[in-house]
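Observations on chain architecture
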Amino acid sequence: MTAPIQNRPGLPVRPCYPATAKPNGEQASARQPLYFKDPFADLGFLVTLSKHAFGGSEIGECYSAAARIQEGDVPSWTEAWGTLAERVEALARSAEVKGHRVSARQCYLRAVTYYRNVLWGARASDPRYRATLEKSRVLFKRFAALSEPPIEVVEIPYEGAVLPAYFLRPDASGKRRPTIIIGDNASEELYYWVGPPALERGYNALLVDLPGVGLNSFHGLPFRFDTEVPVKAVLDYLCARRDVDPSRIVIYGGGEGGGYIVTRAAAHEHRIAACVADPLVVDMEPLAPLIFTRVISVSDSGKETLASNASTVLRLIWGLTDPEAIKKMKVDTRGITCPTLGLNDSHDYPELLQQARAAVAAIANKNATVRVFTPEDGSNYRQVDNFGLKHRTMFDWLDDVLSGAILPGGDGAAQAAPG
Amino acid sequence: MIPRSNADQGHVNPNPPPTSGPGTSNGDVSRKAAPLVMFGNSPGMPGIFQSNFDYQLARAMPAGAYGEGGAVGEALSTARRIVDGDLESWVVAWTETAERVEKIGHTCLSGGHAISARDAFLRAAIYWKTGFFYLETKDPRQLAMYNRHRSCFLQAAKLFDPPIEPVSIPYENGKTLPGYFMRTAAGSGRRPTVMILGGGDTTCEELYYWGGGAAAVRRGYNAFLWEGPGQVGAYALDPTLIYRPDWEVPTRYAVDYVLSRDDVDPKRLALSGHSMGGYFAPRAVAYEKRITAVIANSLLPELKPMFEALFAKPNTPAGEKLNGQVDLRKPLTVFGGVFRERCGVGGKSVEAFFEDMGRYSLAGLEGQITCPMLVITGEGEGLLVAAAEHAFYEKLTCPKMERMVSALDGGEIHCTLNNPSLKHQIEFDWLDDVFEKNGASRA
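This is a predicted model, so every value here is computed, not measured.

A few points about the sheet that holds strand S1 (residues 152-158) of chain A
Residue and element names in this part refer to chain A.
- Pairing in this open sheet of 8 strands is mixed, and the strands run S1-S2-S4-S3-S5-S6-S7-S8 from one edge to the other. Bordering the open sheet on either side are S1 and strand S8 (368-373), each of which pairs with just one other strand. Geometrically, the sheet is characterised by an average inter-axis angle of 25 degrees between neighbouring strands, direction not taken into account.
- Here strand S5 (residues 244-254) pairs with strand S6 (residues 274-278) via 5 bridges, running parallel. Across the sheet, Tyr-252 pairs through a bridge with Val-276, a residue of S6.
- Sitting on the sheet, helix H6 (residues 187-200) touches strand S2 (161-168), strand S3 (177-182), strand S4 (204-208) and S5, and the angle it makes with S4 is about 170 degrees.
- Along the sheet, helix H7 (residues 228-239) contacts S1, S2, S3, S4 and S5; its crossing angle with S1, the most-contacted strand, is approximately 125 degrees.

Remarks on the packing of helix H3 (residues 87-110) of chain B against helix H4 (residues 114-132) of chain B
All names here are of chain B.
- Between H3 and H4, the least distance of the axes is 8 Å, while the angle of their chain directions is 160 degrees. Between H3 and H4, the crossing angle belongs to the class labelled roughly antiparallel. Note that H3 runs across H4; the crossing there is left-handed. Touching Val-91, Trp-94, Thr-95, Thr-97, Ala-98, Val-101, Glu-102, Ile-104, Gly-105, Cys-108 and Leu-109 of H3 are Ser-116, Ala-117, Ala-120, Phe-121, Arg-123, Ala-124, Tyr-127, Trp-128, Thr-130 and Gly-131, all from H4.
- Tallied by class, the residues present in the contact of H3 with H4 amount to 13 nonpolar, 6 polar and 2 charged.

Here's the deal with helix H1 (residues 53-60) of chain B
- Where burial is concerned, most of H1(B) is hidden: 8 out of the 8 residues are buried.
- Every buried residue belonging to H1(B) is among B:Phe53, B:Asp54, B:Tyr55, B:Gln56, B:Leu57, B:Ala58, B:Arg59 and B:Ala60, and all of these are buried.
- Buried positions along H1(B) lie against helix H2 (59-66) of chain A together with helix H2 (72-80), H3, H4 and helix H12 (331-342) of chain B.

Remarks on the domain arrangement of chain B
All names here are of chain B.
- On domain assignment, one finds that chain B holds domain 1 (52-150) and domain 2 (162-302 + 360-436).
- Domain 1 and domain 2 are separated by 25 Å when their C-alpha centres are compared.
- With 13 residues of domain 1 at the contact, the number on the domain 2 side is 14 residues.
- If you list the elements that add at least two residues to the side of domain 1 that touches domain 2, you get H1, H4 and helix H5 (140-158).

Digging into unusual backbone geometry
Residues and elements named next belong to chain A.
- Cis peptide bonds are those with omega within 30 degrees of zero, and the linkage from Glu-148 to Pro-149 qualifies with -10 degrees.
- Along the chain, Pro-149 turns up in the loop between helix H5 (127-146) and S1.
- Omega for the bond connecting Asp-278 with Pro-279 falls within 30 degrees of zero, at 10 degrees, which places this linkage in the cis form.
- One can find Pro-279 in the loop between S6 and helix H9 (288-295).

Thresholds applied
- Every residue gets a number counted from 1 within its own chain, in the order that chain's sequence is written.
- As they are written, the chains are lettered A onward and the ligands numbered 1 onward, keeping that order.
- Owing to the predicted nature of the model, reporting of local features is limited to residues with pLDDT of at least 70; listing and counting of side-chain atom pairs is limited to 80 or more, with chain, interface and lining totals taken over all residues.
- Here, strands pair whenever DSSP counts at least two bridges between them.
- Put simply, DSSP marks the helices as runs of H or I at least four residues long and the strands as runs of E at least two long, and each gets a number from the N terminus on.
- To get an axis, a line is fitted to the C-alpha atoms, and for a helix only the part in contact is used. The angle between two axes follows their N-to-C directions and goes from 0 to 180 degrees.
- Note on contacts: each residue gets a C-beta atom placed from the backbone, and two residues are in contact if those atoms are within 7 Å.
- In this scheme, roughly parallel covers angles under 35 degrees and roughly antiparallel covers those over 145, while 65 to 115 is roughly perpendicular and the rest are oblique.
- Here a crossing is called left-handed whenever its near helix is offset anticlockwise from the far helix by less than a right angle, and right-handed whenever the offset is clockwise.
- Only Asp, Glu, Lys and Arg are considered charged in this grouping, and only Ala, Val, Leu, Ile, Met, Phe, Trp, Tyr, Cys and Pro are considered nonpolar; every other residue, Gly among them, is considered polar.
- Burial is judged by counting other C-beta atoms within 10 Å of a residue's own C-beta: 20 or more means buried, 12 or fewer means exposed, and anything between counts as partly exposed, with every C-beta placed from the backbone.
- These domain boundaries are the output of an automatic or database domain assignment.

Structure below.
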């Protein structure tokens, strides 16, 4: 059954895409474009397409919307995704009324994705931004209520206020389980990054709006550099729950901001059993300006683009508005005493890769490793086109760490980073 | 129909037509051309290829969606290694990806990571299938890759809870037909069950994906994925099994098996047919009255005109020097050769094949279909399909529903393949309603 497949020799194989196609000569992240010339639109489209794997989009819906978008034109982006979002929301509401719970919740989830794309059509200060975020939140709560078991909408006490969050359980058994925390973006977005793979593997997942994230900035809770403070509030909350195993609470962060948030928290909050930083960031100061040139390139022309809109959001949620605050965004790696996995990409800009490699060597826990993904792994950019690869790598590593397959202080790092 | 407007709007054209070389034979199919029958390009498709490769790519892209992880990058990076219209590059690229992902499955399994293993085996199964799609029977890779497709799915099947059960359906003369029974974990006792059938180019394994197997068990239905004679897997396992128009015969054997189980509710037994199954399923229920609901996606009341339009150049009267006019280098036409073998007319002329297809007709059976029927058609399938479907639908006297999926829905292509979520929502919401109306409680 497993005889090798013999292909004919001498085949002329050439890339289907133009070999010279790079979204932007300035970009270290020379990902091949999928659909749009505008790198941000193309990345947004790719991520949207990828979400289909968790029911967050459908391939035909994505392409059908994309076909109606004019290259480089922000209003047509907003219009195309907004129209699709309304259409799918209408399907959801109609299915819910008729009692088709599974279909209704699936449509609500896709509508959330499409409304979240509409967000890139406005700056963070634009009232439409906030209104669209609120809209996607309302729909996600319908998805949450119709899920089985229902996703709990929770509020975590924090300095006299609350952090809004969703708590996801694999089943309603109430069993004590390992739990993964994520908090670097609006909780609705974070669902895709850890929700489905965690549940499938018997983990709980907590999606939380840390300060600065989601609507928190509008509610007087801006980003703070000492992320261990809100994360401590999250740990206090989780440790009080009977369905959480307090010895197996892990944290994940995505993007440069998420990578910083979790390493900083792990350096101070030692109830965290393991940390996954995607990518590994321990000093934001040299990276902050590069995010807006190498990751999302914002032109100097002052013209409104999807990227310029997105940059206002990233600055807000990751605290990248105040240069003095950015200087404080540093992590003492000697404080990181839990096993730590960095997820990096061969397309990452050199400063980011160097920081990750240097950090691994300096982290106190010897089970620190960084995995650098390549296109040969089936990922062209930060595994957003291959979430399965991301999830398999991090959860298999977490399984091993939490089960003791990698012993504390041992030399398990080699096994932890399969080649 | 909204024309594909990539070029107008200045988007990246990921795959410009080659000026020379093996892809040239497809240069006559313009991206903006009006859709031909069934497989024309339309807005909700990737647009990465101009040939029928694009449809098969759209079919492979959701491979990750039915496990637990996304892998759209795997399909896209594979597509990047393919020269449009060049079958050899198609086979090589998908083989590389399938080998790699299958290996991930084995590595995960030996490391004790059952979920990751299952997910990888499911994806590898689809990549193997995608890879051999166009291969001719005389090419030894065809059977080898089919076997890998099946073995990957069998390994994934064991890792489900409850496991997916492989079934050999007893059939005529001691022969068997392949199938899988998927038991829903939701609820116990006798459950509503949907028997899922493909068409001219499907295996029962891939019906787990877009066919509706995974969607069924999620909604509290059992699913029975099966193949009749002539279908890809049945023929690969036993080349004496060729297509037959009297589909009620294989269906009888399949229903006998399904009703022998104690977890199937005989009052709520649906048959869902795809593509050529849009002929088989209505034909079967015209005679097989133990089936209580039927779905056709798309409804194909006459196969002959469909195949004439698919394999001949447009506007060519059938029977007029067809062999000279059919471009035998086109991927879909190469596939057509394999298909004709499975119809039992492999060595014969194209005209003889069309003649044979004349036996596959639902004409006169409109009044004999008595169970409720759902018909799903894609706007991108073209007027020929839509007109034939609607004319037949109008004559049906059973309880019925007709649903046209538009390009704006993003599910306009043949079998709603670019939007399985929408497809499953339409199918199962309709079945929910029909079975409740049948007076049985769904709880």
